[in-house]
Amino acid sequence: MKVNDFTGMFSRTSLTIDSIENPHDDYHVITFDYPEGLNWDSGEHGMFTLPGKKVTGRSFRIFSIASSPSENKLFIATHANEPVSSFKQTLFSLSKGDTVNMLGPFGWYKVKDSTSPIVMIAAGIGITPNRAMIKQLEHDTRRDVFLVYSSSDTHLFKEELDSIALNNPKFHPYYTTGRDQTRETYLKLADTLGNDAIYYVAGTPKSVKDISKRLRDNNVKFTHIVFDPYFGY
Ligand SMILES: Cc1cc2nc3c(=O)[nH]c(=O)nc-3n(C[C@H](O)[C@H](O)[C@H](O)COP(=O)(O)OP(=O)(O)OC[C@H]3O[C@@H](n4cnc5c(N)ncnc54)[C@H](O)[C@@H]3O)c2cc1C
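This structure is a prediction, so every number in the text was calculated from the model and none was measured.

(A) Representation of the site of the ligand within the structure. For the ligand, the set of nearby residues contains 22 residues, the closest of which are Thr78, Asn81, Ser85, Thr128 and Gly232. At the level of secondary structure, the elements contributing two or more residues to the shell around the ligand comprise strand E4 (60–64), strand E5 (74–79) and helix H1 (86–92). With four residues, the top contributor of residues to the shell around the ligand is E4. When residues are assigned to domains, the shell around the ligand turns out to be shared by domain 1 (3–106) and domain 2 (118–229), each giving three or more.

(B) Quick look at the pairing of strand E9 (residues 171–176). Looking at chain direction, strand E8 (residues 145–150) and E9 are connected through six bridges and run parallel. When the sheet's bridge partners are listed, Tyr149 is paired in E9 with Tyr175.

(C) Looking closely at the nonpolar core. Among the nonpolar cores identified, the biggest contains 51 residues, and Val119, Ile121, Leu147, Tyr199 and Tyr200 are the most heavily contacted of them. Counting residues per element, this core draws most heavily on strand E7 (residues 118–123), at six residues. Setting aside its immediate chain neighbours within four residues, Tyr200 contacts Tyr109, Ile118, Met120, Ile121, Asn130 and Val226.

(D) Local environment of the environment of Met102. Assignment of secondary structure puts Met102 in strand E6 (residues 99–106). With 25 C-beta atoms packed within 10 Å, Met102 lands in the buried category. Between the alpha carbons of Met102 and Thr49 there is a distance of 6.6 Å; along the sequence they are 53 residues apart. Met102 has contacts with Thr13, Leu15, Gly46, Met47 and Phe48, leaving out every residue within four places of it along the chain.

(E) View of the domain arrangement of the protein chain. Looking at the protein chain, the domain boundaries give domain 1 (3–106) and domain 2 (118–229). Taking the mean C-alpha position of each, domain 1 and domain 2 sit 23 Å from one another. Taken together, the 17 residues of domain 1 in the interface contact 12 residues of domain 2. Looking at which element gives the most residues to the side of domain 1 that touches domain 2, the answer is E5, with four residues. Residues of the side of domain 1 that touches domain 2, tallied by class, amount to five nonpolar, 10 polar and two charged.

(F) Layout of the sheet that holds E8. Strand order across the open sheet formed by five strands is E9-E8-E7-E10-E11, with parallel pairing between neighbours. Edge positions in the open sheet fall to E9 and strand E11 (225–229), since each of these has one partner strand only. Neighbour-to-neighbour, the strand axes of the sheet open up by a mean angle of 10 degrees, direction not taken into account. Sitting on the sheet, helix H2 (residues 127–136) touches E7, E8, E9, strand E10 (198–203) and E11, and the angle it makes with E8 is about 155 degrees. Against the sheet, helix H3 (residues 158–167) touches E8 and E9, its axis set at about 145 degrees to E9.

(G) Region of the structure containing the environment of Ala197. Locating Ala197 in the fold gives a position in the loop between helix H4 (179–193) and E10. According to the C-beta neighbour criterion, Ala197 is buried, with 20 such atoms within 10 Å. Along the sequence, Ala197 and Glu36 sit 161 residues apart, while their C-alpha atoms lie 35 Å from each other. Apart from the residues lying within four places of it in its own chain, the contact partners of Ala197 are Ser116, Pro117, Ile118, Val119 and His224.

(H) Representation of H4 within the structure. Between its first and last C-alpha, H4 extends 21 Å over 15 residues, near the 21 Å set by a 1.5 Å rise per residue. Along H4, the positions that sit buried rather than exposed are Thr182, Tyr186, Leu189 and Ala190. Across the axial projection of H4, the buried residues extend over an arc of 100 degrees, all falling on one side. Within H4, the exposed residues directed more than 90 degrees away from the buried face are Asp180, Asp191 and Thr192. Buried-residue contacts for H4 involve E7, E8, E9 and helix H5 (205–217). Looking one or two residues beyond H4, the residue adopting positive phi is Gly194, at roughly 50 degrees.

Cut-offs applied
- Residues numbered from 1 in each chain as written.
- Predicted model: local features only at pLDDT ≥ 70, side-chain atom pairs only at ≥ 80, totals over all residues.
- Near = placed C-beta within 6 Å.
- Helix = DSSP H or I, 4+ residues; strand = E, 2+ residues; numbered from the N terminus.
- Domains from an automatic or database assignment.
- Pairing = 2+ DSSP bridges.
- Core = buried A, V, L, I, M, F, W, Y, C linked by C-beta atoms within 7 Å.
- Buried ≥ 20, exposed ≤ 12 C-beta atoms within 10 Å, placed from the backbone.
- Contact = placed C-beta atoms within 7 Å.
- Nonpolar A, V, L, I, M, F, W, Y, C, P; charged D, E, K, R; others polar.
- Axes fitted to C-alpha atoms, helices over the stretch in contact; angles between N-to-C directions.
- Expected span 1.5 Å × (residues − 1).
- Arc of directions from axis to C-beta.

Structure representation (structure tokens):
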């Protein structure tokens, strides 16, 4: 982490909702009108509040920006566990033209160099910052990018990820459903790539802690692991 990773946290942007979609099960994708002049790095996140709305409990949530600036789009995605929180119920009830506030974007979870192979390990909705980085690297054929994407239900964005893989032979997505299968897949990659690669791990704090410990037990150096623990889950 560098000081630069946090400079964006002091800027506030009002975002206007373009659409709220519910593509699968309890997953929601919220797209905003593209805010001209807003800069961010793929993988960063923002702190969102709902101005003028009454929310019980915590009045903010942090969401990763799931899109890359190269797409000229800004959207976030979330999974609403039962019971759906007051914040998310209110967010999902908003309509096109309503506004939310975002502090940021900021964060440390971003592409670190232009040559190292990348292994992304995304647990569930932890796909969001990885999707943004994969879009950034969509046409990059200089290094291999591996995605180990575990989900016990839906693999959000799967069709899109498959289409990127069809066009870029250096992008290798693996979709897993169980803990053992996920572990076996990323540990095999760690065995092959070792400390030549950079490992990006995003998901619940518990899953991030477990995965990074297993990587370190398999001789991956701490400095080669980038974490995005979704505190709050
Ligand atoms: C850097 C970062 C990036 C993040 N990016 C994303 C992202 O892209 N997408 C995303 O969805 N989230 C992301 N998060 C997490 C997000 O900020 C929220 O914490 C998360 O979505 C949970 O919010 P919630 O409103 O659903 O649950 P909360 O109300 O915050 O509750 C937390 C958990 O407790 C459970 N719970 C709450 N009340 C009860 C109850 N009465 N009984 C049983 N269970 C209960 C909920 O189901 C939930 O799983 C990120 C967090 C960080 C720190």
